[in-house]
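Residue-level structure breakdown
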Amino acid sequence: MTEDKPLSASERFTVGLILKLNTMVTGELHPAHTAEEFVRVMGVRGFFRYLGFLNKFNKMMHDAFGPANTQTLVGLAALMAGCGYCGYGHTLTGALMTFKANGQLHPVHPFSISQLFELEDHEVIEKLDELLAQPGYEDLRRQTSHMYAIFLGDLEPETEEDKLLKAILDFWRWTVECTIVEGINMTPENARIMNEIGRDKTLRTRYEAARAVERDAATLLH
């Protein structure tokens, strides 16, 4: 994270443009501090080069893992780097994609991972493995396990899948140097959706209602 040096006129214009584009694409207002830090660290040209690479990288991840699993893996990579902004935002996006596709409530979402920040590494692995043990998440369970092993240095990537998982870790470890300015204060309640699915407000309402029913059921069981 850089010193809070004043932004130039062109940098301030770029920040305003980023915020407007975020709102247009995601349907939500994203925090200004994050956009300011991206531009402060990378400069205007560097930021747009970053976006160009991100678009190509997203396509690679979507082709390999599918959009929903990509969002969840990115969110967990950000979590490993200590950033709640990306961690909560991407896992929420993945959960919404899954809910839209099949009506299922994804086991990995901002509230289920919020507790992971306080756990030791082996406890995080065990908890994620437990969350993803239900049918339908076999691929994501394996990918998450491999990604965490790579993060801890316990697995040397050899397959193409593992190499891409390492690339996700590396890319978001660098990305959170900018997003962590907001991420350290982010809470699950304030998670921001990270793509155009956020514009579907009816979907979000249905999703939140289903989560409320899930929480009520869990309370009754306890």
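About the criteria used
- Each chain carries its own residue numbering, running from 1 in the direction its sequence is written.
- Where local features are concerned, this predicted model is filtered to residues with pLDDT of at least 70; where side-chain atom pairs are given and counted, the filter is 80 or more; whole-chain, interface and lining totals use all residues.
- To get the side-chain values, all heavy atoms of the structure are used, and hydrogens and water are removed first.
- The way it works is that DSSP assigns letters per residue, a run of H or I at least four long becomes a helix, a run of E at least two long becomes a strand, and they are numbered from the N terminus.
- It is over C-alpha atoms that the radius of gyration is taken, and the globule rule equals 2.2 Å times the number of residues to the power 0.38.
- Residue burial is assigned from relative accessible area. The probe radius is 1.4 Å, only protein chains are included, and a residue is buried under 20% of its type maximum, exposed over 50%, and partly exposed in between.
- The contact rule is simple, with two residues in contact once any of their heavy atoms fall within 4.5 Å.
- The arc in question is traced by the directions running from the helix axis to the C-beta atoms.
- Patch members must show over 30% relative accessible area and no salt bridge, and they are joined within 9 Å when carrying like charges or within 5 Å when they are nonpolar side chains of Val, Leu, Ile, Met, Phe, Trp or Tyr.
- The accessible surface values rely on the Shrake-Rupley method and a 1.4 Å probe; as for residues, cover is taken only from the protein chains in view.
- Here, a salt bridge means any side-chain nitrogen of Lys or Arg that lies within 4 Å of a carboxyl oxygen of Asp or Glu.
- Buried Ala, Val, Leu, Ile, Met, Phe, Trp, Tyr and Cys residues form a nonpolar core when they are joined through side-chain atoms within 4.5 Å.
- Charge convention: Lys and Arg are scored as positive, Asp and Glu as negative, and His as well as the terminal groups of each chain are ignored.
- Every charge is mapped onto a representative atom, which is NZ of Lys, CZ of Arg, CG of Asp or CD of Glu.
- Pairing of aromatic rings covers Phe, Tyr and Trp, the last through its six-membered ring, and needs centres within 6.5 Å; plane angles under 30 degrees mean stacked, over 60 mean edge-to-face, and all others mean tilted.

A word on the overall build of the protein chain
Helix and strand content of the protein chain: nine helices and zero strands. Going from N to C terminus, the protein chain has its helices and strands arranged as α-α-α-α-α-α-α-α-α. For 222 residues, the compact-globule estimate of 2.2 N^0.38 gives 17 Å, and the protein chain sits close to it at 17 Å. Dimensions along the principal axes, computed over C-alpha positions, put the protein chain at roughly 55 × 45 × 30 Å. Within the protein chain, buried positions represent 47% of all 222 residues. Put simply, 71% of the contacts in the protein chain that link residues at least 6 apart link residues at least 24 apart.

As for helix α6 (residues 121-131)
Along α6, the positions that sit buried rather than exposed are Val124, Leu128 and Leu131. Buried positions in α6, seen along its axis, are confined to an arc of 60 degrees and lie on one side of it. In α6, those exposed residues whose orientation departs by more than 90 degrees from the buried face are Glu126 and Glu130. Considering only its buried residues, α6 is in contact with α3 (67-80), α5 (110-114) and α7 (138-152).

Observations regarding a nonpolar patch on the surface
Side chains of Phe13, Leu17, Leu21, Met24, Val25 and Phe48 sit close together on the surface and give an oily, nonpolar patch of about 580 Å² of accessible area. The element best represented in the nonpolar patch is helix α1 (residues 9-26), accounting for five residues.

Considering the pattern of salt bridges
Oppositely charged side chains are able to pair whenever their charged atoms sit close together. With the rule as written, the count across this model stands at twelve salt bridges. With a shortest N-O distance of 3.8 Å, glutamate 160 and lysine 163 are connected by a salt bridge. Of this pair, glutamate 160 and lysine 163 both sit in helix α8 (residues 160-183), separated by three residues, roughly a single helical turn. The exposure class of lysine 163 is partly exposed, given its relative accessible area of 42%. A salt bridge links arginine 204 to glutamate 208, with the nearest nitrogen and oxygen atoms 2.9 Å apart. With a gap of four residues between them, arginine 204 and glutamate 208 both fall in helix α9 (residues 201-221), about one helical turn apart. For glutamate 208, a relative accessible area of 32% translates into the label partly exposed.

A closer look at the nonpolar core
Grouped together as the largest cluster of nonpolar side chains are 59 residues, with contacts concentrated most on Met61, Leu76, Met147, Ile168 and Trp172. Put simply, the parts of the chain that give this core at least two residues each are α1, α2 (32-65), α3, α4 (84-102), α6, α7, α8 and α9. Here this core takes ten residues from α2, the largest share from any one element. What tryptophan 172 contacts, discounting residues up to four positions off in sequence, is Leu54, Phe57, Met61, Val74, Ala77, Ala78, Ala81, Cys86 and His90.

Digging into a negative patch on the surface
A cluster of acidic residues, Glu120, Asp121, Glu123 and Glu126, forms a negative patch at the surface. Structurally, aspartate 121 can be placed in helix α6.

Topic: the side chain of threonine 175
Structurally, threonine 175 can be placed in helix α8. With residues up to four places along the chain from it excluded, the contact list for threonine 175 reads Phe38 and Tyr50.

Quick look at the packing of aromatic side chains
Here the structure, examined in full by the defined rule, presents 14 aromatic pairs. Ring centres of phenylalanine 47 and phenylalanine 48 lie 5.5 Å apart, and the angle between their planes is 75 degrees; this geometry places the pair in the edge-to-face category. Judged by its relative accessible area of 6%, phenylalanine 47 falls in the buried class. Summarising the aromatic geometry, the rings of phenylalanine 171 and tryptophan 172 are spaced 4.9 Å apart at their centres and angled 75 degrees between planes, so their arrangement reads as edge-to-face. Accessibility classification places phenylalanine 171 together with tryptophan 172 in one group, the buried group. The rings of Phe38, Phe47, Phe48, Tyr50, Phe53, Phe57, Phe171, Trp172 and Trp174 are connected pair by pair, giving a single aromatic cluster.

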